[in-house]
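Here is how the chains run, residue by residue.
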Amino acid sequence: MDMIAADDSASQVSDKIKDLLYAKSAQRVDEYRPAVASGVFNSDNAPTQQEVDAELEAETEVETEVETEVETEEEE
């Protein structure tokens, strides 16, 4: 408001407003960063190696079954 009252140029006022908004948003990002990082990289939520291996094994079995069915249909 002081800049508007002092008849500063519109571009200077606009730049100052942008600077203030960027500073405010950066502060909010910094506040949320620990919670987001904890949620994404928290080892409590991460699957164990056994769970990953079991999932890969299940996917491989499904793919093998589909390939077998396709080969059987092609032979007929």
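Before going into details, it helps to say that this report is about the structure given with it. All values reported here derive from a predicted model rather than from experimental measurement.

### Looking at the overall build of the chain
For step 1, the next point in the chain: From N to C terminus, the chain includes 3 helices and 0 strands.
For step 2, the next point in the chain: When its helices and strands are written in sequence order, the chain yields α-α-α.
For step 3, the next point in the chain: Looking at the 76 residues of the chain, the share that counts as buried comes to 1%.

### Considerations on the pattern of salt bridges
For step 1, the next point in the chain: Counting across every chain of the model gives 1 salt bridge.
For step 2, the next point in the chain: With a closest N to O distance of 3.4 Å, Asp 30 and Arg 33 form a salt bridge. Here Asp 30 and its partner Arg 33 are both found in helix α2 (residues 10-41), 3 residues apart, which amounts to about one turn of the helix.

### Quick notes on a nonpolar patch on the surface
For step 1, the next point in the chain: Together, Tyr 32, Val 36, Val 40 and Phe 41 make up a nonpolar patch on the protein surface, roughly 500 Å² of accessible area in all.
For step 2, the next point in the chain: Mapped onto the elements of the fold, Val 40 is located in helix α2.
For step 3, the next point in the chain: The class of Val 40 is exposed, set by a relative accessible area of 57%.

What counts, and at which threshold
Residues numbered from 1 in each chain as written. Predicted model: local features only at pLDDT ≥ 70, side-chain atom pairs only at ≥ 80, totals over all residues. Heavy atoms only, no water. Helix = DSSP H or I, 4+ residues; strand = E, 2+ residues; numbered from the N terminus. Buried < 20%, exposed > 50% of the residue type's maximum accessible area, 1.4 Å probe, protein only. Salt bridge = Lys/Arg side-chain N within 4 Å of Asp/Glu carboxyl O. Patch = residues over 30% accessible without salt bridge, like charges linked within 9 Å, V, L, I, M, F, W, Y side chains within 5 Å. Areas by Shrake-Rupley, 256 points an atom, 1.4 Å probe, with all protein chains shown as cover.

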